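Here is how the chains run, residue by residue.
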Amino acid sequence: MSSTPSFSTSRSGALFERAKAVMPGGVNSPVRAFRSVGGVPRFIASAQGAYLTDADGQRYIDYIGSWGPMILGHDHPAVREAVAGALGSGTSFGAPNEREVELAELVTRLTGAERVRFVSSGTEATMSALRLARGFTGRKYIVKFRGNYHGHADGLLVEAGSGLMTNAEGALGAAAPSSAGVPEEYAALTLVLDYNDPAALDALMGSRGQDIAAVIFEPVVGNAGVLIPTPEFLAALHRVRDHGTLLIADEVMTGFRLSLNGATGLLGLRPDLRCWGKIIGGGLPVGAYGGRAEVMEFVSPQGPVYQAGTLSGNPLAMAAGLATLRELEARPGLYAELGEYTARLATGLREAAEAAGVPVSINRLGSMLTVFFQDAPDGSVARYADAARSDTAAFAAWFQGMLARGVYWAPSQFESIFTSAAHGDAELNATLQAAAQAFQGVQS
Ligand code: KE4
């Protein structure tokens, strides 16, 4: 059984102590704190291609890719040169600029969305899209699905409350806040159903569809680990439109990740609105929402739904997004290559887990993949409740074994990993070698 090498984490450790003295939990986003996997979060000093280098000089094959944006690999020359070029003209104007027009033209052409509005994060994108849906329909309620994450706007930080469906009085079953600070009144306007449960969605729409402004969903889930929609669920999602409810596909993670037209193009979806983030900014802060002109024209200053942002359309961020999407458009074969690499990764992980006698269930679509630590057939984890059966302690042990061998996996069982154009045979072989040893470590 291989011994687990130990990297020095002295500088990351010292930085973490300093960070905790001035930032909540020592991080600017919770998942980075390694709470669910333990150990010292690595403070990253630089990134290049498929690799991260931490403050102690340790190098890792990176499967986070900044949680999705780095589909071309880190520090891609086209992106670096575009941002450097934009930098020479200033960093922010607070006024319209040509680059935001160019990126809007590119996004609408690639996705078929008729109008788009840029914001600075995925959270802003989904929050704005839901306000727009409420303004357009004049309705109050929204529907989301358990295990789907759409950012941290108050009305989206909710769990399925008791009585998911209409209760005896006919009132809709309210969700419960899943975060402190979210008033019950906010949560009460969000209904939570199970992902991949078409019957529940049809039943709710049949009884109260006329009260529901929007149904928002991850077209391929990344935030419960990867969950892949069934054709029946996708069909039920599109039926919500029969009730005048808007269908919102949250493509913050899947947009430009699964195809040049995201999950919408790959799965043939017909949403009324879509949200983007991550890749659309090429690693700089960009979010966007868009879709039917008839709906988007309700957004201020053209319409009555207010939404604004100091750094929306920031020229540096627009330059990074333009360079990224132009590179993706110039390499249409890249998506097949990413899928092929990720399929080989899945096969190798399956073989390594079997050799070590560790039960896993792998979900993969394109360059998104999750190894669920549970004894179930690959592809059978379809709902959040299935994912929740995973052995998170075993996952944490495997994660640490991978990290100690130079592979930076997602630091949570309930996340997707992301491969990039910079991952090649050398990275695949090194990853699978580390995984085989890390799986052995799980058993001991
Ligand atoms: P941001 O506000 O973090 O840019 O986007 C929120 C968001 C919205 N919709 C989907 C489908 C998302 O995946 C996200 C953010 N994803 C997480 C990863 N699970 C970001 C990582 C983090 O929170 O630090």
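Numbering of residues starts from 1 in each chain and follows the order in which that chain's sequence is written. Totals for whole chains, interfaces and linings use every residue, but because this is a predicted model, local features are given only for residues with pLDDT of at least 70 and side-chain atom pairs only at 80 or more, for both listing and counting. Calculated side-chain values reflect all of the structure's heavy atoms, with hydrogen atoms and water omitted.

A. Representation of the overall build of the protein chain. Working definition: helices are DSSP H or I runs of at least four residues, strands are E runs of at least two. Numbering for both runs from the N terminus. Per the secondary structure count, the protein chain includes 14 helices and 16 strands. Radius of gyration: over C-alpha atoms. The globule rule applied is 2.2 Å multiplied by the number of residues raised to the 0.38 power. Scaling as 2.2 N^0.38, a compact globule of 444 residues should have a C-alpha radius of gyration of about 22 Å, and the protein chain matches this with 22 Å. For the protein chain, the residues scored as buried account for 54% of the 444 residues in total. By definition in these notes, contact holds between two residues if any of their heavy atoms fall within 4.5 Å. A separation of at least 24 residues holds for 71% of the contacts in the protein chain among residues at least 6 apart in sequence. Surface summary for the protein chain: the accessible area is close to 17,500 Å², and the carbon and sulfur share equals 53%. Neither His nor the chain termini are counted; the positive set is Lys and Arg, and the negative set is Asp and Glu. In this description, the location of a charge corresponds to atom NZ of lysine, CZ of arginine, CG of aspartate or CD of glutamate. The positive charge centre, built from 34 side chains, and the negative charge centre, built from 42, are 2 Å apart in the protein chain. Buried means the residue's accessible area, taken with a 1.4 Å probe over protein chains only, is under 20% of the maximum for its type, while exposed means over 50%, and partly exposed covers the values in between. Values of accessible area rely on a 1.4 Å probe in the Shrake-Rupley scheme; residue burial ignores everything except the protein chains shown.

B. Molecular detail of the site of the ligand. The nearness test applies per residue and asks whether one of its heavy atoms lies within 4 Å of the molecule or strand. Looking at the ligand, there are 16 residues lining it, with Ser29, Thr123, Asn223, Asp250 and Glu415 nearest. Within the side chain of Asn223, one N or O atom sits 2.4 Å away from a nitrogen atom of the ligand. Relative to its free-state accessible area of 540 Å², the ligand is covered by the protein chains to the extent of 85%. Among the residues making up the shell around the ligand, the classes are represented as 5 nonpolar, 7 polar and 4 charged. Domains are outlined according to an automatic or database domain assignment. Looking at which domains feed residues into the shell around the ligand, each of domain 1 (11-63 + 333-440) and domain 2 (77-330) gives three or more. Within 3.5 Å is the distance limit for a polar contact, defined as a pair of N or O atoms, with the added protein rule that one can donate a hydrogen and the other accept it, and that residues adjacent in sequence qualify only through two side-chain atoms. Gly falls in the polar group here, along with every residue not listed as nonpolar (Ala, Val, Leu, Ile, Met, Phe, Trp, Tyr, Cys, Pro) or charged (Asp, Glu, Lys, Arg).

C. Structural view of the layout of surface pockets. A cavity, in this analysis, means grid points on a 1 Å lattice covering only the protein atoms where a 1.4 Å probe fits yet has no way out; a pocket is instead an open set bounded by protein on both sides within 12 Å along at least five of seven lines, and a residue lines either one if it has an atom within 4 Å of a point. Grid points are joined across faces, edges and corners, and a volume is the space filled by probe spheres set on the points. Looking at the second largest pocket, its volume works out to about 390 Å³. Contributing to the lining of the second largest pocket are 18 residues, with Glu100, Arg117, Phe118, Ser312 and Gly313 lying nearest its centre. Taken together, the elements giving at least two residues each to the lining of the second largest pocket come down to α3 (98-111) and β4 (115-119). Per-class residue counts for the lining of the second largest pocket are 9 nonpolar, 7 polar and 2 charged.

D. Spatial organisation of the confidence of the model for the protein chain. pLDDT measures how confident the predictor is about each residue, on a scale from 0 to 100. Per-residue confidence for the protein chain gives a mean pLDDT of 95, with 96% of residues at or over 70. Residue range residues 162-171 is modelled with pLDDT below 50. Its contacts to residues more than four positions away, or to other chains, number 20 contacts.

E. Expanded view of the side chain of Thr245. Position of Thr245 among the secondary structure elements: in the loop between α7 (231-239) and β10 (246-250). Looking at Thr245, the relative accessible area reads 1%, which means it is buried. A distance of 3.3 Å separates the side chain of Thr245 from the side chain of Arg139, its partner in a polar contact. Discounting residues that sit within four places of it in the chain, Thr245 has contacts with Arg139, Met205, Gly209, Ile212, Ala213, Ala214, Val215, Val240 and Asp272.

F. Region of the structure containing empty space enclosed by the protein. What the rule picks out here adds up to 3 cavities of 30 Å³ or more. Considering the residues around the largest cavity, the lining is formed by Gly49, Ala50, Asp62, Gly65, Met70, Gly73, His74, Arg257, Phe418, Thr419, Ser420 and His423. Grouping the amino acids of the lining of the largest cavity by side-chain chemistry returns 3 nonpolar, 7 polar and 2 charged. By volume, the second largest cavity is sized at about 50 Å³. In this structure, the second largest cavity is lined by Ser92, Phe93, Gly94, Ala95, Asn97, Thr310, Leu311, Ser312, Gly313, Asn314 and Pro315.

G. Structural view of the domain arrangement of the protein chain. Assigned domains of the protein chain: these are domain 1 (11-63 + 333-440) and domain 2 (77-330). Domain 1 and domain 2 are separated by 26 Å when their C-alpha centres are compared. Facing 22 residues of domain 1, the contacting portion of domain 2 comprises 24 residues. Two parts placed together each lose some accessible area under a 1.4 Å probe, and the buried area is that loss summed for both. In total, domain 1 and domain 2 occlude about 1,900 Å² of area from one another, counting both sides; carbon and sulfur atoms represent 64% of this. By definition, a salt bridge exists where a carboxyl oxygen of Asp or Glu is found within 4 Å of a side-chain nitrogen of Lys or Arg. Counting across the interface, domain 1 meets domain 2 through 1 salt bridge. Measuring nitrogen to oxygen at the nearest pair gives 3.8 Å for the salt bridge that ties Asp197 to Arg383. Where domain 1 packs against domain 2, one counts 9 residue pairs in polar contact (both at pLDDT 80 or more).

H. Summary view of the sheet that holds strand β15 (residues 407-408). Whether two strands pair depends on DSSP finding at least two bridges between them. On the basis of which strands lie adjacent, the open sheet formed by 4 strands has the order β1-β2-β3-β15 and mixed pairing. Every interior strand has two partners, whereas the edge strands, β1 (44-48) and β15, have only one. Across 3 bridges, strand β2 (residues 51-54) lies against strand β3 (residues 59-62) in antiparallel orientation. When the sheet's bridge partners are listed, Thr53 is paired in β3 with Arg59.

I. Spotlight on the nonpolar core. We call a set of buried Ala, Val, Leu, Ile, Met, Phe, Trp, Tyr and Cys residues a nonpolar core when their side-chain atoms join them within 4.5 Å. If you look at the biggest cluster of nonpolar residues, it comprises 48 residues, and the most contacted ones within it are Leu345, Leu349, Leu369, Phe373, Trp398, Trp409 and Phe439. Put simply, the parts of the chain that give this core at least two residues each are β2, β3, α11 (334-356), β14 (368-372), α13 (392-404), β15, β16 (417-418) and α14 (425-443). Inspection of this core shows a minimum of three residues originating in each of domain 1 (11-63 + 333-440) and domain 2 (77-330). Contacts of Phe373, omitting those with residues within four sequence positions, involve Val358, Pro359, Val360, Ser390, Asp391, Ala394, Phe395, Trp398, Gln413, Phe439 and Val442.

J. Representation of the packing of α3 against helix α10 (residues 315-330) in the model. At a closest axis distance of 9 Å, the pairing of α3 and α10 adopts a crossing angle of 35°. For the pair α3 and α10, the crossing hand works out as left-handed. Between α3 and α10, the contacting residues are Arg99, Glu100, Glu102, Leu103, Leu106, Val107, Arg109 and Leu110 on the first element and Pro315, Met318, Ala319, Gly321, Leu322, Leu325, Arg326 and Glu329 on the second. Of the residues assigned to the contact of α3 with α10, the class counts are 9 nonpolar, 1 polar and 6 charged. Lines fitted to C-alpha atoms define the axes, with helix axes restricted to the stretch in contact, and inter-axis angles between N-to-C directions lie between 0 and 180 degrees. If you view the pair so one helix is near and one far, a crossing is left-handed when the near helix is turned anticlockwise from the far one by less than a right angle, and right-handed when it is turned clockwise.

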